[in-house]
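Analysis of the macromolecular model
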Amino acid sequence: MTGRIFTAGSLLGGVPTSLFSPASPQARSVYDLFMLTSGVMLAIMFFLCAWIVYILVHYRARPGETEDPVPVYGNKKLEIIWTLIPLAIVTVFTILMVPTIFKTHAEPDGRAPDITVIAHQWWWEVRYPDGVVTANEVHLPVGRPVLLALRTADVIHDFWVPRLGPKQDMLPGQTNYLWLQPDHPGIYDGTCAEYCGTDHGWMRIRVIAQTQADFDSWETAQLHPQMPDSSALAQEGGQIFTRSTCTNCHALVDAPKVAANLAHHVTIAPSLNDLGDRETLGAGTLDNSPENLAKWLKDPQACKPGSNMPDFHFSDEEVRALTAYLWRKSH
Amino acid sequence: MTDLTLDGPVGSDATHEHEDGGEGLLSWVSTVDHKKVGLMYIFTALFFLVVGGVEALLMRIQLAVPNNHFLSPQMYDQLFTMHGTTMIFLVAMVLVNGFGNYLIPLMIGACDVAFPRLNAFGYWITLFGGIMLNYSFLAGGAPSAGWFAYAPLSLPAYNTGTGMDYWTLGLLMTGIGTVTAALNLIVTILTLRARGMRITQVPLFVWMMLITSLLVIFALPALNAGLVMLFVDRRMHGMFFGSHGSPVLWQHFFWIFGHPEVYILVLPAFGMISEIIPVMSRKPIFGYNFVAASTVAIGFLSFGVWAHHMFAVGLWNSALITFGASSMLIAVPTGVKLFNWVATMHGGRIRMNTAMLFCIGFLVQFTFGGVTGMTFAIVPLDWATTDTYFVVAHFHYTIIGGIVFAMMAGAYYWFPKMSGRMLSERLGRWNFWLMVIGFNGTFFVQHILGLLGMPRRVASYPNLPMWGTLNMISTVGAFVFGFSVLVFVGNVLYSVFYGEVAGDNPWDAWTLEWLATSPPAAHNFERVPYVRSRRPLWDAKNPELADWRHPEGG
Ligand SMILES: [Cu+2]
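Here we summarise the structure given alongside this text. (Residues numbered from 1 in each chain as written. Chains lettered and ligands numbered in written order. Predicted model: local features only at pLDDT ≥ 70, side-chain atom pairs only at ≥ 80, totals over all residues. Heavy atoms only, no water.)

Let us look at the overall build of chain A. Assigned secondary structure in chain A consists of 8 helices and 12 strands. The C-alpha atoms of chain A give 27 Å as radius of gyration, which overshoots the globular expectation for 331 residues (20 Å, by more than 25%). Within chain A, the fraction of its 331 residues that count as buried is 54%. Considering only contacts in chain A between residues 6 or more positions apart, those separated by 24 or more positions represent 66%. By element, 61% of the accessible surface of chain A is carried by carbon and sulfur atoms, the whole surface being about 14300 Å². (Helix = DSSP H or I, 4+ residues; strand = E, 2+ residues; numbered from the N terminus. Rg over C-alpha atoms; globule rule 2.2 N^0.38 Å. Buried < 20%, exposed > 50% of the residue type's maximum accessible area, 1.4 Å probe, protein only. Contact = heavy atoms within 4.5 Å. Areas by Shrake-Rupley, 256 points an atom, 1.4 Å probe, with all protein chains shown as cover.)

Let's shift gears to the overall build of chain B. Helix and strand content of chain B: 17 helices and 0 strands. The C-alpha atoms of chain B give 23 Å as radius of gyration, which agrees with the globular expectation for 554 residues (24 Å, within 12%). Taking the principal axes of the C-alpha coordinates as reference, chain B spans close to 65 × 50 × 50 Å. Going through the 554 residues of chain B one by one, you find that 67% of them count as buried. By sequence separation, contacts in chain B at least 24 residues apart represent 80% of the contacts at least 6 residues apart. In the structure as shown, chain B presents an accessible area of about 18000 Å², 71% of it carried by carbon and sulfur atoms. Here chain B holds 26 positive side-chain charges and 27 negative ones, and the gap between their average locations is 6 Å. (Lys, Arg positive; Asp, Glu negative; His and termini not counted. Charge placed at Lys NZ, Arg CZ, Asp CG, Glu CD.)

What follows covers the coordination of the copper ion. Residue and element names in this part refer to chain A. Taken together, His 157 (ND1), Cys 192 (SG), Cys 196 (SG) and Met 203 (SD) make up the protein donors of the copper ion, found 2.1 to 2.7 Å from the metal. Coordination at the copper ion comes from 4 donor atoms whose angles at the metal span 89 to 125°, giving a geometry best classed as tetrahedral. Of the residues examined, His 157 reaches a relative accessible area of 0% and is grouped as buried. Under the relative-accessibility criterion, Met 203 is labelled buried at 0%. (Donors = N, O, S within 2.8 Å, 3.2 Å for Na, K, Ca; no water. Tetrahedral: all angles 85-135°; square planar, octahedral: opposite > 155°, others 65-115°.)

Turning our attention to the interface of chain B and chain A. Taken together, the 96 residues of chain B in the interface contact 85 residues of chain A. Carbon and sulfur atoms supply 73% of the area buried between chain B and chain A, which totals about 7900 Å² over both sides. Ranking the residues of chain B by area buried against chain A places B:Phe339, B:Arg349 and B:Trp383 at the top, with a combined share of 10%. Joining chain B to chain A, the criterion identifies 1 salt bridge. Residue A:Asp68 pairs with B:Arg282 through a salt bridge whose shortest N-O separation is 2.9 Å. Mapped by element, the contributors of at least two residues to the side of chain B that touches chain A are helix H4 (73-107), helix H8 (247-281), helix H9 (288-301), helix H10 (317-329), helix H11 (331-345), helix H12 (354-377), helix H13 (379-385) and helix H15 (425-451) of chain B. Top element by residues in the side of chain B that touches chain A is H12(B). It accounts for 9 residues. (Buried area = accessible area lost by both parts, 1.4 Å probe. Salt bridge = Lys/Arg side-chain N within 4 Å of Asp/Glu carboxyl O.)

Residue and element names in this part refer to chain A. Axis separation between helix H1 (residues 25-58) and helix H2 (residues 76-104) bottoms out at 9 Å; the angle between their running directions is 165°. Viewed along their axes, H1 and H2 adopt a mutual orientation that is roughly antiparallel. Relative to H2, the crossing made by H1 is left-handed. Within the contact between the two elements, H1 uses Gln 26, Ser 29, Val 30, Leu 33, Leu 36, Thr 37, Val 40, Met 41, Ile 44 and Trp 51 and H2 uses Trp 82, Ile 89, Phe 93, Leu 96, Met 97, Thr 100, Lys 103 and Thr 104. Here the residues of the contact of H1 with H2 sort into 12 nonpolar, 5 polar and 1 charged. (Axes fitted to C-alpha atoms, helices over the stretch in contact; angles between N-to-C directions. Parallel < 35°, antiparallel > 145°, perpendicular 65-115°, else oblique. Left-handed = near helix turned anticlockwise from the far one by under 90°. Nonpolar A, V, L, I, M, F, W, Y, C, P; charged D, E, K, R; others polar.)

Following the criterion strictly, the structure yields 18 salt bridges over all chains and no others. A:Glu125 is the salt-bridge partner of A:Arg127, the closest N and O atoms lying 2.4 Å from each other. Take A:Arg127: its relative accessible area is 21%, and that puts it in the partly exposed class. For A:Glu125, a relative accessible area of 2% translates into the label buried. Measuring nitrogen to oxygen at the nearest pair gives 2.7 Å for the salt bridge that ties B:Asp165 to B:Arg234. Here B:Asp165, found in helix H6 (residues 163-191), pairs with B:Arg234, found in helix H7 (residues 204-236); they are 69 residues apart in sequence, far enough to count as distant. Here B:Asp165 and B:Arg234 have matching classes, each one buried. Here the salt bridges do not stand alone but share partners, grouping A:Asp68, B:Arg282, B:Asp508 and B:Lys541 into one network.

Residue and element names in this part refer to chain A. Sheet architecture is open: 5 strands sit in the order S3-S2-S1-S5-S8, paired in mixed fashion. Each of the sheet's edge strands pairs with one partner strand only, and the pair in question is strand S3 (133-135) and strand S8 (176-180). Here the average twist between neighbouring strands, direction ignored, is 25°. Inspection of the sheet shows strand S1 (residues 115-120) paired to strand S5 (residues 146-152) by 5 bridges, in the parallel sense. Paired with Ile 118 across the bridge in S5 is Arg 151. (Pairing = 2+ DSSP bridges.)

To continue, consider the sheet that holds strand S7 (residues 168-170) of chain A. All names here are of chain A. In spatial order, the strands read S4-S10-S9-S6-S7; together these 5 strands make up an open sheet with mixed pairing. This sheet does not close on itself; its edge strands, each paired only once, are strand S4 (137-141) and S7. Neighbouring strand axes in the sheet, compared pairwise and without regard to direction, differ in orientation by 25° on average. Along the sheet, helix H3 (residues 212-223) contacts S4 and strand S10 (204-210); its crossing angle with S4, the most-contacted strand, is approximately 130°.

In structure tokens form, the structure reads like this:
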């Protein structure tokens, strides 16, 4: 978890997905509303408990008290009071709720999205207008609101990065929008939040917020993906890669090409360009490293049972070659 | 309508052919007696409670530590789907039907429900639906799309195998059973009340069951229609909910059933609380009319809030605001009820027995569930907390902390009537405190987990700070809770044979069921008095202070 930026503070705020450490204006306005309404609700809860405790102290039947009290049937005035009080509270809550909805859920108003995220069972495809396609992490610049278009390739999923604000479902045949506006550069953890089948729990996402300059250089690097190592091992890995059916599902550029073509590659599975740049493999299942990449290639089903990446039963030799071929870093 | 009833046993004649069918298994299988049908519903619910409970414990073992491999994700998905479906449709609904069937005719001074044969049919088809649903485990895999079965995940493209088909057909059958039971209870309440008993004088449990049954009549058809469409989609390539249809449409169908369903389950619990608190506090219910009217308000509102289950699907802001506000409004009539219950206790002479303890547990825990529920009505907070463990914690507070605790209170309160013997108070204390500790231990920490970003319905989770510890606490709590259920079952088994003999009216209660013998005779009553108020037995015992003498008491 190196490089993570925590809002220092409470224990609860120290968890990387904690709602108690909001890191964007959207998340903060939700957090403020949450704290306010929770305070009111807890006060009501406290009042009720105190009343019950008082009653239990004062009105328990004592031994020998067999007579029933004289019946009391009700009190209209009280009824009106305790109808009006909750009504007043929910009215205030409604009034407070409306601006927060507009703040966190602004309509895109025809603006073209900055990034398109397409959910798949059980990984994320991330596309940029200039043709960069990556997976499972969303790089974006800080300092301005970034508009995400959210779609799905199969079932319903939900994009959720708790410290950056609301979650948003991704539905077949529909595009939903979400604004992301991290305050500071950093890595923000998230996850798919709508049950989507076997590996729903391992469909994690990361938002990597960068300064505009860092973001620009990242994007440029992605437009010119690294070429494979010239070592014999990597060459052999390249042959295994072409021989196996990897390219039926994965996009991987292994000769310098026009950047714009990147977008047209198949996207049944994560793009493998600059794979070494990613933080995790299998949408958060493994930390990314050459060793874990080898582990994944050796038996993806053992790493992420149920995932849509088949097990090719490679020998250790083949795995080593493939790893050498695939492990490319742009920096 | 009351002039249809006689002074004495009233109700349909159909029972009398069967009532002396002897003991033995056959007498149960062939019975159309509302009490036996009621008890069969209750036993069935207890059986499925154990099934659903074991499913829950298996899940909690899997979640006890991060990155666990105790269960495969496929198995986990089947278990949580079956756990939810079982607990809602085969435990809670069935318990409601059981108590309703058993108690309503007794409470209104009738000798059976209006349509006894239909009643038996309702039970058997519900049981058959339950068996069919669970048979899926043997038939190649249980359903695994979650208890609300969102399309397209529930369609064959993403859900091969027959589990989902058993799910749709099984639920359709229990759905038919539930609708027949509801119709039956409505007619019973409207037509078979004792002489003199006005509809505004029925015990509040009866009143709430009436509203619940009306909700069933309007809500269940949406589910049943949805289930038929889902089945057509799955087996006949219909195009209702798939990518050529609308996945959101399924959500509308499901939740326009699903939200009223919450109230279908909770109103009977409210009804029980409204019976038990007054008797144990020795005071009439405070504000009968307000408690009754707020039930009607909840009934109406419950049909106007379903979209709060769908705030994240991308509705327009206008819809978000409307449904957010309408959802919040439900807090008003619910709050009115809470205040009236506590006001009933205020100034009473409270008997702190197990039934009352469970009522108090209900009051506190249900309120907490209601308080956290506001989070899902306030739209931006819903976006933060929905589909996390926070919502899991919230609805378990309302369903277990609320409904189950009320049903436990009901069990301790009416067991003497059903069996003729009292449940052991000593075991009852153990039962209560273990349940409080187990329940809160399991679910309180889940609020925190949700706020720390843990999504629901995950078969395993990464080792983030605090997640492991909180989940371990939750798992330990679940086992304590499971143990408390065993204590209850033990108490029932022990007390049926060795419990103190109850007599007809052990609590000195005021409604008509306590006039019958314990357990009641096959035809319920020898004679039913002319009813002049809401508390006929109080009137008989305290003629000077009779309720009907008081302008607000009648
Ligand atoms: Cu997903």
